[in-house]
Amino acid sequence: MTTDQHADESAPVGARAQGDLVSSAAGTTIERVEVLVTNPTRNFVTLRITTSDGVTGLGDATVNGRELAVVSYLRDHVAHLLEGRDPWRIEDTWQYLYRGAYWRRGPITMSAIAAVDMALCDIKGKVTGQPVYQLLGGATRAGLLAYGHASGAEIPQIFESVHEHLEEGYRAVRVQTAVPGLGQVYGVAAAGASGAGRYDYEPARRGLRPTEEQWDTRAYMRHLPTVFEAVRAEFGPELPLLHDGHHRMTPNQAGQLGRSLEPYDLFWLEDCTPAENQEGLRRVRALTSQPLAIGEIFNSIWDYQTLITEQLIDYVRSAVTHTGGITHLKKIMDFASLYQIRSGFHGPTDISPVGQAAALHLGLAIHNFGIQEYMRHSDETLSVFRTSYTFTDGLLHPGDTPGLGVEYDDEAGAAFEYSPAYLPVNRLTDGTMHDW
Ligand code: EZ4
Ligand code: CO
């Protein structure tokens, strides 16, 4: 009994054309690939893939301050490679773009691949009628613990900002503070007083050049423990408190700061030192038991290899958007799970609602979820990206809409034109460029 299919399967693998591989897409191909740029309070780059059956999928490709590089990568070098491909072959497409580029890794390449990966997951979810988390193994929890961003120039404003977050339902709060003697610093709402300003949101610092901030690590290290002492005393022992060091300390300084914060029982200290040198974290670990979160500027599993195998971190900070998409970040999390390292995915407002939705689907499905960063996007942003995820009693949920659950409104998006906006740069008081 020989059928055509049997005959195909017995043929040498090398003799089969790519299109002959068994697929569930039943002849459907990728027909259209569009790169959408919009600026509803900040710039976003979105990939939209449409199949020959008319199903669309969205992917986030936003790299804050370098947006147009990813636009070109996708439009000039990826779009035509996708046309005609089988949209269901997500892993194969990932490998085709990663290995096929020859030039591996890097934030631009990995964000472009991430957008394709997200869009194909979105399509597969829509076609099967399932939210993406179901394709990843289904929910392993009711909802995702989220943390918000409290900040202030002085203690009273910080308290007020924490209170506001608690009123909004947050059960975990990041605390950033101004430093006496320094001007505007990372993570503190420019408007100072609570409510009026959310630090990274508006203004999006539009302009052709970055603004400059001033930094003094010793002043910061002296001041920060006094703030956490006050916040812990005010809000009691239960509330999870987080802090972002934003890559500014040496490993030795990071260890010292971690030690001085230990009495205040932080949930995590983030980016305590630049981590291109992964071995540097050995020194931090030797000095402090402070839980550590790293990886928002990483883009591949290789950036984590030493950090994970030597258990030098506690939380993986990557964004789906900047780390090769759901497919690749899932691999990082499975690798991390061998070492009891959990997720703490990056979720500032420069991750689009599409990227945020992808993080929520992944976070709901993986066993080693830890916490999810969450800041509500502006109303303008949410008018372009119609989301179906929810934030209820401090827990996020991606929703049960098939796919990622985000729709793009072309008309709303077209009303907000791209304009250059850069992240600030940082100088020490003597003028030396420092990590921002
Ligand atoms: O500076 O998203 O933890 N969050 C952060 C962010 C990053 C911005 C960079 O685009 O560090 O605020
Ligand atoms: Co950070």
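Residues numbered from 1 in each chain as written. Chains lettered and ligands numbered in written order. Predicted model: local features only at pLDDT ≥ 70, side-chain atom pairs only at ≥ 80, totals over all residues. Heavy atoms only, no water.

Could you give me a rundown of the overall build of the chain, with the residues and numbers involved?
Each helix and strand in the chain was counted, giving 14 helices and 18 strands. When its C-alpha atoms are laid out on the principal axes, the chain stretches across 80 × 50 × 45 Å. Within the structure as shown, the chain displays about 18000 Å² of accessible surface, and the carbon and sulfur contribution to it stands at 51%. For the chain, the distance from the average site of its 35 positive side-chain charges to the average site of its 54 negative ones is 4 Å. (Helix = DSSP H or I, 4+ residues; strand = E, 2+ residues; numbered from the N terminus. Areas by Shrake-Rupley, 256 points an atom, 1.4 Å probe, with all protein chains shown as cover. Lys, Arg positive; Asp, Glu negative; His and termini not counted. Charge placed at Lys NZ, Arg CZ, Asp CG, Glu CD.)

An account of the pairing of strand β7 (residues 241–244) is requested, with residue identities and associated values reported.
Neither face of β7 is exposed, since L241 and H243 on one face and L242 and D244 on the opposite face are all buried. In this sheet, β7 lies alongside strand β5 (residues 173–177) in parallel orientation, the contact comprising 2 bridges. Bridge pairing in β7 places R174 opposite L242. Inspection of the sheet shows β7 paired to strand β8 (residues 268–270) by 3 bridges, in the parallel sense. If you follow L242 over to β8, its bridge partner there is W268. Crossover β7 to β8 through helix α8 (residues 251–261) is right-handed. (Buried < 20%, exposed > 50% of the residue type's maximum accessible area, 1.4 Å probe, protein only. Pairing = 2+ DSSP bridges. Right-handed = clockwise from strand over helix to strand, strands pointing away.)

Please give an account of the environment of E164 that cites residues and values.
When you line up the elements, E164 lands in helix α6 (residues 155–167). With a relative accessible area of 25%, E164 lands in the partly exposed category. The sequence separation of E164 and S260 amounts to 96 residues, and the corresponding C-alpha distance is 27 Å.

Describe the sheet that holds strand β3 (residues 56–60), naming the residues involved and giving the relevant values.
Across the sheet, 3 strands lie side by side as β1-β2-β3; this open sheet has antiparallel pairing. One side of each edge strand has no neighbouring strand; the edge strands of this open sheet are β1 (30–38) and β3. Across the sheet, the axes of successive neighbouring strands diverge by a mean angle of 20 degrees, strand direction being ignored. As defined by bridge partners, strand β2 (residues 44–51) adjoins β3 across 5 bridges and the pair is classed as antiparallel. Of the residues in β3, the one forming a bridge with T50 is T56. With respect to the sheet, helix α4 (residues 107–128) is in contact with β1, β2 and β3, its orientation differing from that of β3 by roughly 145 degrees. (Axes fitted to C-alpha atoms, helices over the stretch in contact; angles between N-to-C directions. Contact = heavy atoms within 4.5 Å.)

Describe the coordination of the cobalt ion (ligand 2), with residues and values.
Taken together, the protein donors to the cobalt ion (ligand 2) comprise D244 (OD), E270 (OE) and E296 (OE), at separations of 1.9 to 2.1 Å. Look at where the donors of the cobalt ion (ligand 2) fall in the sequence and you get D-x25-E-x25-E. With D244 in strand β7 and E270 in strand β8, the pair connects residues that are 26 residues apart, well separated along the chain. Classification of D244 as buried rests on a relative accessible area of 2%. Note on E270: relative accessible area 0%, which makes it buried. (Donors = N, O, S within 2.8 Å, 3.2 Å for Na, K, Ca; no water.)

Explain the pattern of salt bridges residue by residue, including any values.
For the structure shown, the criterion picks out 19 salt bridges. Residue K331 pairs with E91 through a salt bridge whose shortest N-O separation is 2.8 Å. Here K331, found in helix α11 (residues 325–337), pairs with E91, found in helix α3 (residues 90–100); they are 240 residues apart in sequence, far enough to count as distant. A relative accessible area of 35% means that K331 is categorised as partly exposed. A residue is classified by how much of its surface remains accessible, and E91, at 35% relative accessible area, is partly exposed. (Salt bridge = Lys/Arg side-chain N within 4 Å of Asp/Glu carboxyl O.)

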